Amino acid sequence: MNRLAVLAGTILVGLAGPAAAQTELTMWYHGAGNEVESKLINQIIDDFNASQDDWSVSIESFPQGAYNDSVVAAALAGNLPDILDVDGPVMPNWAWAGYLQPLPIDESLIAEYLPGTKGYWDGKLYSVGLWDAAVAMVTLKSTLEKYDIRTPTLDEPWTAEELGAALATLKDSGDFDYPLDLGMAWTGEWYPYAFSPLLQSFGGDIVDRDTYASAEGKLNGDEAIAFGEWWQSLFEDGMAPGTSQDPADRDNGFNEGKYAISWNGNWAAAGMLEVYGDDLLFLPAPDLGNGPKIGAASWQFGVSAASEHPEGAAAFIEFALQDKYLAAFSDGIGLIPATPGAAAMTENYKEGGPLAVFFELSKQQAVLRPVSPGYVVQAKVFEKAMADIANGADVADTLDAAVDEIDSDIEKNQGYGH
Amino acid sequence: MAVVTGDSRGLRLAVRYLVLALVGTIFLFPLIFMVMSSFKPTAQLLSDTSSLRAFLPVGDISLDNYFAAFRRAPIGLFVFNSVFITVVTVVASLFLCSLAAFSFVYMNWKGSGLLLSIMLATLIIPFETIAIPLLLFVSRLPWIGLDGLEFGWLNTYRVQIIPWIADALTVFLFVQYFKDLPRELIEAARVEGATWWQIYRRVVMPLAGPVIATAAILKSLKMYNEQYLWPLIVVQDEAHRPIMVGLGYFFQLNVVWGEVMAYLSLITVPVLAFYLILQRAFIASIASTGVKG
C-alpha cells in the first residue's frame, strides 16, 4: 500500500512538474565588468523570476567593447538569446538586419518616458531604455563670475556670438590651457553623439531625415559648411585641444583646472562634483542658429528575432520598467532615469538634486541620432570628417567626400528599407 | 697597427654596456610603468604620466587596484582558460604539424610538393577574411560528447583549440628543420626495417629539440596574447572566455586605469614565467627564424 502511494505520488509530481516549471529565457547584456550595473540587473532578474511561475531569465554579460560584434556574430551563427540590450542608435540597424522583432509591450507604460529612451523603427517599437544620457557644458560659477560671463539658462542659452565671446575672454585670461574641452580624445561614438547636435544647431545634419536616402545638402549644404568652418576655427584659434588631446587630460583636465569649460556627459558629472561641489555648473548647449541641441538615446532592451517566447521576453522588459528599478539604476550608475516619477526617487535627479538639470536638458534639447540602419556607417564617416576638419582639412571638400561615402553606402544597401 | 691597451678595451666595454643598459631600460619602461601604475589610484597615475614618477613606486601606493580587479572580473578563470587553450593547442600542433612536415620531407608521395606550396600560400591570408565563413562552419559542426551527438561548437574550448592546431608556419618550421637532418639517418633506419612511425618517433623527433622549442614558443605567444577576435565571435559564455576578451571588462565609461594595469600585470605573469624558464630557447628561436613573437 505504501509503495503504491509513493508510486502514485511520484507520477502526480512528475505530471505536475512540467506544468509548473518556468520556461527559461536567455538574456545578453553589455555590462560585464561593471559591478554596480551587474548587481542591479541581477536584482531585477531575481525579482522577476520570483514574481511569477511562467518564465525564468538567465543572463550572460559581455564586455561593452565586444558586445555588438558578439551579437552580430551570434546572429550569423543563429545563436541569439531571447532578450538583447541594444545601443539606441544601433537599434534600427539590428531591426532592419532581422536581429530584433517588434517589442510587444503595452506602450501606455512608456507614455511618460524620455523621448531618447524609446526605440522606434519603421513605425514600430523595438526597444525601450531604463535611462538616457545627456551632454552639457560643464563649468564653474566662480569662473563665470570672475570673467563676468552671463550664465545661460535652458530658456536663454548662449548664442553663437556669446559663446565665441566667452571663449575669447577665457582664452585671453591666460588662466587655462584651453577655454573649451570638446573631448576630442574620446574617439568612436562620442563624435557623432556629442558633435552632430552642434551641426544640427547650425541647421545641418548627418543625413536628410525626410528621406534617409542621401546626405546631400544636409552634410555639405551652406549650414553644414558654416558649421565646419566654425568647428575648424575652434582648433585653429586655440580654443580647444584637437585630436591629439591626451586621453588623460580628457578624463582629468577639467578637474585639474586646465580647461574652463568641458563639453561632457552626465556620466562624468559625479567625479566633477566630488572635486568642485556647489561651484559646478551644468550649462545647456548653445543655440548656434537653429536652436540648442544635444544627443539622446542610450542602452535599451529588445526582443531578439530568434526568440520563440517573445511574450515572455516582453513580460520581463515590462517588469523592468518599474520606477524603482529606473531609480536604482540612476543612483547606481549616474544616468538619467527615464521618467519624472523615477527621477523624483533619485538622489541626483530629484528636484533640487545636483544633476536635475540633465533631466530637463534631455527632455527639452535632446535629438535622436539618425534613426536609420545606415547610421552605423554614417557615424564612422561623420567621425572621420570631424577629425579631418579639426586637423585642418578643407571643409567643403571633406564634407562633400563624406556625403559621397554616405550616399554610396545607402545605395549599396538599397536605401536601408526606408 | 693600432695597439689596443687594457684601458681602451675597458672603456669600449663600458660604453657598450652603457648603451645596452640604456636600450634595455627603454624596452623595460612599458613593463615598469605597467607594474608601478598598478599600485596607484587613477588620478595619481594620470598626473604621474608627465614625469619620471610614472616609473617609480611613489605617492599613494596600495594593492587596492588588484583587489578591485579581482572583484571586477574572474581573472583566475580567464588565465586558466588561456593557459589551457594554449597548452592543448601547442601540444597538439607540435604533434600534428611535425607529422605533416615529416610526411612532406621524407615520404615522397605524389603531389606533396604542390600541397606544401598551397599550404604555405595560406600564410598570406589574413584571419579576418575567413573568420565569418569559419564561424558559420563551426556553428554547425557535429560533436559527440558526454550528452551524445550534438551540433554546433560555439561556447566550448574545442572551438578555440581545434581550428588553431594546424598552421602553415609551424609545418614550415618543421619542414625546414627536417630538410637539414642527414638523410643517411633515415635511409639507415629504413634499411634496418623501421616503420615510418618508428623513424618519426625514435629518429627524427629526438633530434628536433630546437625546432620544437621554436615552434612551441611562437605558437604559445600567439595563442596566449593574440586570441581576441575568434573567441569574441564564437564564445558567448563567460566560462570559456580567454584573457584578451576579459580585458574588455575593465573598459567602462570611466576607465579605472590602475585596475587595467593590475589586470595586465597579472596576465603577464604566466608569459614572464614561460619566458624566464625558456629564455635560451626563446632567444635562439628569434635568431633562427627572424620572427618576433
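Residue indices begin from 1 for each chain and proceed along its sequence in written order. A letter from A marks each chain and a number from 1 marks each ligand, given out in the order of writing. Reporting in this predicted model follows two pLDDT cut-offs: at least 70 for local features of residues, and 80 or more for side-chain atom pairs to be given and counted; totals over whole chains, interfaces and linings ignore these cut-offs and use all residues.

You'll find chain B entered in an unreviewed UniProt entry as Carbohydrate ABC transporter membrane protein 2, CUT1 family (TC 3.A.1.1.-), with Bauldia litoralis given as the organism. UniProt positions are given in the numbering used here, feature names are shortened, and annotations may be inferred rather than shown by experiment. What the UniProt record of chain B gives under Subcellular location (unreviewed entry) is the line "Cell membrane". Among the UniProt annotations of chain B, the heading Sequence similarities (unreviewed entry) holds the following wording: "Belongs to the binding-protein-dependent transport system permease family."

Looking at an unreviewed UniProt entry, one finds chain A named Carbohydrate ABC transporter substrate-binding protein, CUT1 family and attributed to Bauldia litoralis. Database annotation for chain A, UniProt heading Sequence similarities (unreviewed entry): "Belongs to the bacterial solute-binding protein 1 family."

(A) Structural view of the overall build of chain A. Helix and strand content of chain A: 16 helices and 15 strands. C-alpha atoms of chain A, sized along the principal axes, occupy 100 × 50 × 35 Å. A residue is called partly exposed when the number of other C-beta atoms within 10 Å of its own lies between 12 and 20, exposed at 12 or fewer, and buried at 20 or more, with C-beta atoms placed from the backbone. Within the span of chain A, comprising 418 residues, buried residues form 49% of the whole. Considering only contacts in chain A between residues 6 or more positions apart, those separated by 24 or more positions represent 75%. Starting at the N terminus, helices and strands are each numbered in turn, a helix being any DSSP run of H or I of at least four residues and a strand any DSSP run of E of at least two. Each residue gets a C-beta atom placed from its backbone, and two residues are in contact if those atoms lie within 7 Å.

(B) Local environment of the overall build of chain B. For chain B, the helix and strand inventory stands at 15 helices and two strands. Taking 19 Å as the expected radius of gyration for a compact globule of 293 residues, we find that chain B reaches 24 Å, considerably beyond that expectation. Looking at the 293 residues of chain B, the share that counts as buried comes to 30%. Here the contacts in chain B between residues at least 6 apart in sequence split such that 75% fall between residues at least 24 apart. C-alpha atoms define the radius of gyration, and 2.2 Å times the number of residues to the power 0.38 defines the globule rule.

(C) The arrangement of the UniProt feature "transmembrane region" (unreviewed entry) in chain B in detail. All names here are of chain B. Mapped onto this structure's residue numbering, the UniProt feature "transmembrane region" (unreviewed entry) falls at residues 17-39, 75-102, 114-137, 157-178, 199-218 and 260-278. End-to-end, the C-alpha atoms of residues 75-102 are 40 Å apart, and along that stretch the chain is 100% helix and 0% strand. Here residues 199-218 runs as 80% helix and 0% strand, with 26 Å between its end C-alpha atoms.

(D) Structural detail: the interface of chain A and chain B. Opposite the 23 residues of chain A that make contact, chain B presents 24 residues. Contributing elements (two or more residues each) for the side of chain A that touches chain B: α3 (64-76) and α9 (247-252) of chain A. With eight residues, α3 of chain A is the single largest residue contributor to the side of chain A that touches chain B. Taken together, the residues that form the side of chain A that touches chain B break down as 10 nonpolar, nine polar and four charged. Ten residues, namely Ala, Val, Leu, Ile, Met, Phe, Trp, Tyr, Cys and Pro, are considered nonpolar, four, namely Asp, Glu, Lys and Arg, are considered charged, and the remaining ones, Gly among them, are considered polar.

(E) Structural detail: the sheet that holds strand β10 (residues 259-265) of chain A. Residue and element names in this part refer to chain A. Strand pairing is assigned whenever DSSP identifies at least 2 bridges connecting the two strands. Taken in spatial order, the four strands make up an open sheet running β9-β10-β8-β11, and their pairing is mixed. Each edge of the open sheet carries a strand with a single partner, namely β9 (178-181) and β11 (280-283). Geometrically, the sheet is characterised by an average inter-axis angle of 20 degrees between neighbouring strands, direction not taken into account. Examined bridge by bridge, strand β8 (residues 135-140) and β11 share four bridges and lie antiparallel to one another. Think of each axis as a best-fit line through the C-alpha atoms, taken over the contacting stretch in the case of a helix, with angles from 0 to 180 degrees between the N-to-C directions.

(F) Local environment of the pairing of strand β6 (residues 124-128) of chain A. Residue and element names in this part refer to chain A. Direction of pairing for strand β5 (residues 118-121) relative to β6: antiparallel, over a ladder of four bridges. Of the residues in β6, the one forming a bridge with Lys118 is Val128. Counted along the chain from β5 to the antiparallel partner β6, the turn is two residues long, and its residue Asp122 has a positive phi close to 55 degrees. With two bridges connecting them, β6 and strand β13 (residues 299-304) associate as antiparallel partners. Counterpart to Ser127 in the pairing with β13 is Gly302.

(G) Seen up close, the confidence of the model for chain B. All names here are of chain B. Confidence in the prediction for chain B averages 91 pLDDT; 94% of positions are at 70 or higher. Residue-level confidence of the predictor is what pLDDT reports, using numbers from 0 through 100. For chain B, helix α15 (residues 279-289) is the element with the lowest average pLDDT, namely 67, and helix α4 (residues 75-106) is the one with the highest, namely 97. For this predicted complex, the interface confidence comes out at an ipTM of 0.83, alongside a pTM of 0.86.

(H) Looking closely at unusual backbone geometry. All names here are of chain A. Backbone geometry at Gln414 places phi at a positive 50 degrees, although glycine is not the residue there. For Gln414, the position within the fold is in the segment after α16 (395-412). Unlike most non-glycine residues, Tyr416 shows phi in positive territory, near 55 degrees. Considering the arrangement of structural elements, one finds Tyr416 in the segment after α16. Look at Tyr416 and you get buried, because 20 C-beta atoms sit within 10 Å.

(I) Structural detail: the UniProt feature "domain: ABC transmembrane type-1" (unreviewed entry) in chain B. Mapped onto this numbering, the UniProt entry annotates "domain: ABC transmembrane type-1" (unreviewed entry) at residues 79-278 of chain B. Between the C-alpha atoms that bound residues 79-278 of chain B there is a distance of 20 Å. The span itself is 68% helix and 4% strand.

(J) Structural detail: the domain arrangement of chain A. Residues and elements named next belong to chain A. You can read the domains of chain A as domain 1 (23-131 + 297-360) and domain 2 (135-292 + 374-417). The C-alpha centroid of domain 2 is placed 28 Å from the C-alpha centroid of domain 1. Contributions of two or more residues to the side of domain 1 that touches domain 2 are made by α4 (91-96) and α14 (356-365). Taken together, the residues of the side of domain 1 that touches domain 2 sort by class into 10 nonpolar, two polar and one charged. Here the limits of each domain have been adopted from an automatic or database domain assignment.

(K) The nonpolar core, seen in detail. Counting 150 residues, the largest nonpolar core has Ala134, Ala136, Leu180, Phe316, Ile317, Ile336 and Phe358 of chain A as the members making the most contacts within it. Among the elements that line this core, the one with the most residues is helix α15 (residues 375-390) of chain A, at eight residues. Shared between two domains, this core takes at least three residues from each, and those domains are domain 1 (23-131 + 297-360) and domain 2 (135-292 + 374-417) of chain A. With residues up to four places along the chain from it excluded, the contact list for Ile317 of chain A reads Leu103, Ile105, Val128 and Phe301 of chain A. Think of a nonpolar core as buried Ala, Val, Leu, Ile, Met, Phe, Trp, Tyr and Cys residues, each tied to the set through C-beta atoms within 7 Å. Counting residues in each nonpolar core, the second largest holds 28 residues, with Val90, Trp164, Ala216 and Leu218 of chain B among its members.

(L) Broad picture of helix α7 (residues 190-202) of chain A. Residues and elements named next belong to chain A. Each helix should span, by expectation, one fewer than its residue count multiplied by 1.5 Å. Here α7 spans 19 Å end to end across 13 residues, near enough to the 18 Å set by a 1.5 Å rise per residue. Ser196 marks where α7 bends most, by close to 30 degrees; the proline Pro197 follows one to four residues later. The buried fraction of α7 amounts to 12 of the 13 residues, a majority that puts the element mostly inside the structure. Along α7, the residues that are buried comprise Tyr191, Pro192, Tyr193, Ala194, Phe195, Ser196, Pro197, Leu198, Leu199, Gln200, Ser201 and Phe202. Where α7 is buried, its residues touch β8, α8 (222-236), β10, β12 (294-295), β15 (366-367) and α15. Here the bend at a residue is taken as the angle between two axes, fitted respectively to the seven residues that end there and the seven that start there.

(M) Structural detail: the environment of Leu80 of chain A. Residue and element names in this part refer to chain A. Mapped onto the fold, Leu80 is located in the loop between α3 and β3 (83-87). For Leu80, a count of 22 C-beta atoms within 10 Å corresponds to the buried category. Put simply, Leu80 and Thr26 are 54 residues apart on the chain and 8.8 Å apart in space, counted from C-alpha to C-alpha. Discounting residues that sit within four places of it in the chain, Leu80 has contacts with Ala74, Ala75, Tyr99, Ser304 and Ala306.

(N) Representation of the packing of helix α2 (residues 35-51) of chain A against helix α12 (residues 323-333) of chain A. Residue and element names in this part refer to chain A. In the contact formed by α2 and α12, the axes pass within 9 Å of each other and the chain directions differ by 165 degrees. Compared by their axis directions, α2 and α12 come out roughly antiparallel. In this structure, the crossing between α2 and α12 has a hand that is right-handed. Two secondary-structure elements touch here, α2 through Val36, Glu37, Leu40 and Ile44 and α12 through Tyr325, Ala328, Phe329, Gly332 and Ile333. We call two directions roughly parallel when the angle between them is under 35 degrees, roughly antiparallel when it is over 145, roughly perpendicular when it lies between 65 and 115, and oblique otherwise. Handedness of a crossing is defined here by the sense of rotation of the near helix relative to the far one, left-handed for an anticlockwise turn of less than a right angle and right-handed for a clockwise turn.

(O) Structural detail: the confidence of the model for chain A. Scored by pLDDT, chain A has a mean of 93; 95% of the residues are at 70 or more. Segment residues 9-19 of chain A is flagged for pLDDT under 50; beyond a separation of four residues in sequence, or across chains, it makes zero contacts in the model.

(P) Fine view of the environment of Thr211 of chain A. Residue and element names in this part refer to chain A. Among the structural elements, Thr211 can be located in the loop between α7 and α8. For Thr211, a count of 10 C-beta atoms within 10 Å puts it in the exposed group. A sequence separation of 144 residues divides Thr211 from Tyr67, and the C-alpha atoms of the two residues are 30 Å apart.

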